[in-house]
Structures are given as C-alpha cells and as structure tokens.
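# Fold and contact review
The chain contents come next:
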Amino acid sequence: MFFGVLLADVIALKAGGSGVALPLVATQILGINLLTDGAPALALGLDPAHPAAMARPPRPRGEGVITGRMWGGIFYVGAIMAAGALFVLDASLPGGLVEGSGDMRYAQTMAFNTLVLFSLFNVFNARSDERSAFADLFTNRWLWAAVALSLALQVAVIYVPFLQQAFSTAPLSAADWLFCTAVASSALWLRELSKLLRR
C-alpha cells in the first residue's frame with residue numbers, strides 16, 4: 001500500500017485532480033489476512049519436526065527467537081511480494097510503466113489476488129529457513145488442506161456476487177489467474193534460489 005501511494009504517478013494510480021487511488025480497499029486487506037493467516041498458519045504448526053533438529057547445537061545466548069537470517073528472509077520475500085503486486089497492478093491499468101486496459105476495480109482485484117497467492121506460495125517457504133520448500137513436501141496433509149481451503153475462499157470472494165460487493169472484486173479470466181499465479185510463484189522460486197546459494 002505504502003509503495004503504491006508513493007509510486008502513484010509512475011504506475012497510473014492517480015485519481016482525478018490531485019488524489020491518489022488506493023492499490024487495495026480496506027476489505028481486501030482484511031481479506032488477505034483472513035484468507036492467508038488463519039488456516040495455513042495453524043496447519044504450518046503441524047509440520048513434522050526435522051529429524052536432525054535435536055542434533056543441532058543450541059543457539060548462542062542472547063540470540064532472539066527471530067534470528068538475523070530470518071529477518072533477512074522476511075524482508076527479501078516482502079520486497080518480492082511488494083514489487084510483484086505493484087507490477088500486476090500497473091500491468092492491469094492503462095498508462096504507467098506497463099500498459100494495461102482494465103479499470104481500477106479490476107486492477108485492485110488482480111493485485112489482491114496476487115497478494116493472496118503470494119502468501120499461499122510463501123507458506124511453503126516458511127517451513128524452513130534453510131531446507132528447500134520441496135523437501136518432504138507432502139508430509140503435512142493439513143497444510144495442503146488449509147491452502148486448498150484458502151484458495152477456495154479466494155475463488156468465492158472473486159466470483160460470488162455478494163462477496164464481490166463486500167470485497168470490491170471483479171471476476172477474473174483464466175488468463176488473469178495464470179498471470180497472478182506466475183507472478184506470485186516468484187516468491188517461492190526466488191526464496192528457493194537464496195536458500196540454495198546459502199547452502
């Protein structure tokens with residue numbers, strides 16, 4: 001949201017006069033939190049422990065629960081998500097850096113959908129800061145069920161008329177979904193690359 005407002009002139013978010021159109025509406029921000037921070041976060045807590053967890057030495061005294069490496073991962077993935085969502089928003093609107101043809105409601109829906117998908121891809125990154133997201137990928141069936149539930153709710157928010165009204169969404173085409181998914185998956189691939197380089 002912050003960068004969207006700062007870059008309003010660049011990515012065609014200027015409203016009439018001197019106003020700025022918001023990248024997302026308040027209910028969409030709430031929707032992102034409800035759809036991605038509930039069931040997937042709980043299911044992540046049921047992920048099996050790594051077999052070598054007890055063989056690792058203890059952390060240094062005074063090191064926080066969230067380590068410097070974790071903070072680095074958080075900022076790295078956050079930057080990817082912000083850049084990807086703004087790219088999709090810009091590509092959905094006329095003008096800006098990437099020419100699009102949609103209206104503001106469509107562009108907000110595209111950005112909203114991309115952010116939800118980013119979070120659903122990122123839940124697999126969150127399983128470990130060191131190991132690949134693809135290691136033991138299918139050992140936590142609750143995580144897959146939670147991701148499927150969140151995805152089903154996202155589909156409902158985009159296509160069910162009374163939810164469209166509540167969340168200010170517009171229906172998306174299969175090509176729109178493919179575009180959002182391709183951009184959102186970058187959080188997984190780029191985080192995998194950073195883990196690989198660190199290993």
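## A closer look at the environment of L24
Secondary-structure assignment places L24 in the loop between helix 1 (2-6) and helix 2 (26-37). Once the C-alpha coordinates of L24 and R105 are considered, the two residues, 81 residues apart in sequence, prove to be 9.1 Å apart.

## Topic: the nonpolar core
One finds L24, I32, F112, L115, V116, F118 and F124 to be the most contacted residues of the largest nonpolar core, which totals 39 residues. Broken down by element, this core gets its largest block of residues, 11 residues, from helix 5 (residues 104-125). Dropping the residues within four chain positions of it, F112 is found in contact with L24, Q28, G31, I32, L35, Q154, V157 and T169.

## So, the pattern of salt bridges
Enumeration over the complete set of coordinates arrives at 3 salt bridges. For the salt bridge of R131 with D136, the shortest nitrogen-to-oxygen distance reads 2.7 Å. In this structure R131 comes out as partly exposed when scored by relative accessible area, which is 23%. Judged by relative accessible area, D136 falls into the partly exposed class, the value being 44%.

## Points about unusual backbone geometry
Peptide bonds are trans in most cases, and residues, glycine excluded, mostly fall at negative phi. The phi torsion at D136 lies on the positive side, around 50°, for a residue other than glycine. On the secondary structure map, D136 appears in the loop between helix 5 and helix 6 (141-159). One non-glycine residue with positive phi stands out, namely S168, at about 55°. Within the secondary structure, S168 is located in the loop between helix 7 (161-167) and helix 8 (174-184).

## Overview of the confidence of the model for the protein chain
The predicted model of the protein chain has a mean per-residue pLDDT of 86, with 89% of residues at 70 or higher. Averaged over each element, pLDDT in the protein chain is lowest for helix 1 (56) and highest for helix 8 (97).

## Brief notes about helix 6
The terminal C-alpha atoms of helix 6 lie 27 Å apart, and with 19 residues this matches the ideal 27 Å at 1.5 Å per residue to within 8%. Listed in full, the buried residues belonging to helix 6 are L143, A146, V147, S150, Q154, V157 and I158. Along the axis of helix 6, the buried residues cluster in a sector spanning 110°; they form a single face. Helix 6 presents R141 and W142 as exposed residues on the side facing more than 90 degrees away from its buried surface. Looking at the buried side of helix 6, the elements it contacts are helix 2, helix 3 (39-44), helix 5, helix 7 and helix 8. N-capping of helix 6 is provided by N140, with a side-chain oxygen placed 3.1 Å from the backbone N of W142.

Cut-offs and rules
- Residues numbered from 1 in each chain as written.
- Predicted model: local features only at pLDDT ≥ 70, side-chain atom pairs only at ≥ 80, totals over all residues.
- Heavy atoms only, no water.
- Helix = DSSP H or I, 4+ residues; strand = E, 2+ residues; numbered from the N terminus.
- Core = buried A, V, L, I, M, F, W, Y, C linked by side-chain atoms within 4.5 Å.
- Buried < 20%, exposed > 50% of the residue type's maximum accessible area, 1.4 Å probe, protein only.
- Contact = heavy atoms within 4.5 Å.
- Salt bridge = Lys/Arg side-chain N within 4 Å of Asp/Glu carboxyl O.
- pLDDT = per-residue confidence, 0-100.
- Expected span 1.5 Å × (residues − 1).
- Arc of directions from axis to C-beta.
- Polar contact = N/O pair within 3.5 Å; in protein donor to acceptor, adjacent residues only side chain to side chain.

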